[in-house]
Amino acid sequence: MICDNLDINELGHLTFSGFDTVDLVKKYGTPLYLLDENKIREKCHLYLETMHKYFGKDALPLYASKANCFKQMYKIVGEEHIGIDVVSLGELYTAHAAGFDLSKAFFHGNNKTDEDIYQAIKYNIGYFVVDNEEELLSLQEIAQKEQVVQKILIRITPGIDPHTYVEVATGNVDSKFGNAIATGQADKIVELALRQKNIRLVGLHCHVGSQVFTEDVHLKALRIMLDFVKHIKDKYNYETEKLNLGGGFGVRYVESDPLIDIESKIREIADEFHQVCHKLKIREPQILMEPGRSLIADSGLTLYSVGSVKKIIGYKNYVSVDGGMTDNPRYALYKSSYTCLCANKMRESNNFKCDLVGRCCESGDIIQKDILLPDSIRRNDLIAVCTTGAYNYSMSSNYNRLPKPPVVMLKDKQDYLVVKRESYQDLIRNDI
Ligand SMILES: *Cc1c(COP(=O)(O)O)cnc(C)c1O
């Protein structure tokens, strides 16, 4: 199986985290998002322990909450003693509502409005990750009015190609994010930040992209960032306290994807870090990392009911389900791969070639092309799409006025609702 929390029981049903998926559908309906709480906690723990082991006790993972955000997620992450990165007031509001300690929150984004800045200061957020000069100057002005000194990191563009989809690459010089070292803009914004009275620059940030598998991308970014740490030490006598290396580790969606071992990856980056700091004679900054996908993707599974099996003779076959691009837009956006299974017929062989499509009035509403399902597939069978913990619920929409599915958390022997299914009343809540 594609993830170790999947199995098949004696009824030939797919189990997830020990639960019979057919039973869960009877209880909660479809479409349905499931999350494996034990696995989420395992991953938080793995990141924290591994970073402590190789970078030292002050290292801290931050959950990139755009991957999947709702109150209970922040509660779990908080209990696991890791920090968060947020990219909007909506995420910040949710974290606050969940009682998350916002001194461990880092505010990202390439366009924070004045209102965002003001409210985040009011929330006493720990850190801003400043993207550009205009943001920096606005932050200075608002911080001065509010009589605070705001801690910041500056987002730096190391200028490397992460070899991932262009839509999720962020480390290249021409990215919309951050300040490129190559153009001198990184140097300039550091100098500007150091002159602001109500801003305390505590470090630098970089994030090269997402779903990255290429061996040396993170190592290259690290070396470039440490060279820059050395450069600003020599030039401005400025010592970088924190270095945030972002997220981006790829996860396995289909059998042909490699499996990244998080511990060995972190060890490799840490070895290089200690060596280069020593060589450059710079004091080792505290290391932060921002896993999103690799922390939560394989904790998720989505279940759908089949509505129709359409055989266009001489052409192709379609299996339609009761969700689609509204709950998982990733194929439509990036042609992302997924493993799709018939959850109630796991013992049957899969010989029926088809495209798995959603119910939206849109030909691009595809979950996965050219998959194999049982020949007997028919209306009311159940389809499971694996590894949907990251960038599914958080990217969901109400297109075609479809209510969003609920999120159910699975822990030990207990299943519990963490996000209710949207009602039709919810859909017209803001209509006047
Ligand atoms: C999206 C994002 C992450 C997380 O990326 P993953 O690929 O999900 O690990 C981390 N940091 C920043 C700034 C991001 O935008």
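Residues numbered from 1 in each chain as written. Predicted model: local features only at pLDDT ≥ 70, side-chain atom pairs only at ≥ 80, totals over all residues. Heavy atoms only, no water.

**Quick notes on the side chain of Asp 355**
Consideration 1: Its place among the elements puts Asp 355 in strand S17 (residues 350-357).
Consideration 2: Of the polar contacts made by the side chain of Asp 355, one reaches the side chain of Lys 316; its length is 2.6 Å.
Consideration 3: Reaching out from Asp 355, the side chain makes a polar contact with the backbone nitrogen of Asp 370 at a distance of 2.9 Å.
Consideration 4: Leaving out residues up to four positions away in the same chain, Asp 355 has contacts with Lys 316, Asn 317, Tyr 318, Val 319, Gln 368, Lys 369 and Asp 370. (Helix = DSSP H or I, 4+ residues; strand = E, 2+ residues; numbered from the N terminus. Polar contact = N/O pair within 3.5 Å; in protein donor to acceptor, adjacent residues only side chain to side chain. Contact = heavy atoms within 4.5 Å.)

**A short note on the nonpolar core**
Consideration 1: Grouped together as the largest cluster of nonpolar side chains are 113 residues, with contacts concentrated most on Phe 55, Phe 128, Ile 152 and Leu 204.
Consideration 2: At nine residues, helix H8 (residues 217-236) tops the list of elements feeding residues into this core.
Consideration 3: Excluding residues within four positions of it along the chain, Phe 55 makes contact with Ile 266, Ile 269, Ala 270, Phe 273, His 274, Ile 287 and Met 289. (Core = buried A, V, L, I, M, F, W, Y, C linked by side-chain atoms within 4.5 Å. Buried < 20%, exposed > 50% of the residue type's maximum accessible area, 1.4 Å probe, protein only.)

**Topic: unusual backbone geometry**
Excluding glycine, residues mostly have negative phi values, and the peptide bonds linking residues are mostly trans.
Consideration 1: Along the chain, Thr 30 connects to Pro 31 via a cis peptide bond; the corresponding omega equals -10°.
Consideration 2: Tracing the backbone shows Pro 31 in the loop between helix H1 (21-28) and strand S4 (32-36).
Consideration 3: Its identity is not glycine, yet Asp 370 carries a phi of approximately 50°, on the positive side.
Consideration 4: Within the element layout of this structure, Asp 370 appears in strand S18 (residues 366-374).
Consideration 5: For Asp 370, a relative accessible area of 53% translates into the label exposed.

**A word on the packing of aromatic side chains**
Consideration 1: Enumeration over the complete set of coordinates arrives at seven aromatic pairs.
Consideration 2: Ring geometry for Tyr 33 against Tyr 393: centres 5.7 Å apart, planes inclined by 75°, an arrangement best described as edge-to-face. Taken together, the positions of Tyr 33 in strand S4 and Tyr 393 in the loop between strand S19 (382-386) and strand S20 (407-411) put the pair 360 residues apart, joining distant regions of the chain. You'll find Tyr 33 and Tyr 393 in the same group, each marked buried.
Consideration 3: Pairing Phe 107 with Phe 128 gives two aromatic rings, centres 5.6 Å apart and planes at 45°, and the pair type is tilted. Taken together, the residues Phe 107 in strand S7 (residues 105-107) and Phe 128 in strand S8 (residues 127-130) connect sequence positions 21 residues apart. (Phe/Tyr/Trp six-rings, centres within 6.5 Å; stacked < 30°, edge-to-face > 60°.)

**Here we look at the side chain of Asn 328**
Consideration 1: Along the chain, Asn 328 falls in the loop between strand S15 (316-321) and helix H11 (330-334).
Consideration 2: There is a polar contact of 3.1 Å between the side chain of Asn 328 and the backbone nitrogen of Arg 330.
Consideration 3: The contacts of Asn 328, once residues within four sequence positions are left out, are Tyr 304, Tyr 338, Val 385, Thr 388 and Asn 392.

**Remarks on the site of the ligand**
Consideration 1: Around the ligand, the structure places 15 residues, and the nearest of them are Lys 66, Ser 210, Glu 290, Arg 293 and Tyr 391.
Consideration 2: Contact between the ligand and Ser 210: an oxygen atom at 2.3 Å from a side-chain N or O atom of the residue.
Consideration 3: With respect to the ligand, the side chain of Glu 290 contributes an N or O atom lying 2.6 Å from a nitrogen atom.
Consideration 4: Taking 390 Å² as the accessible area of the ligand by itself, protein coverage stands at 94%. (Near = heavy atom within 4 Å. Areas by Shrake-Rupley, 256 points an atom, 1.4 Å probe, with all protein chains shown as cover.)

**Examining the state of the cysteines**
Consideration 1: Under the counting rule described, the total for this entry stands at zero disulfides.
Consideration 2: In this structure Cys 340 is not part of a disulfide, and its nearest cysteine sulfur, from Cys 386, lies 7.4 Å away.
Consideration 3: Judged by its relative accessible area of 9%, Cys 340 is buried.
Consideration 4: Here Cys 342 is not cross-linked by a disulfide; its sulfur's nearest cysteine counterpart is in Cys 354, at 10 Å. (Disulfide = S-S within 2.5 Å.)

Any functional reading would require information beyond the geometric quantities listed.
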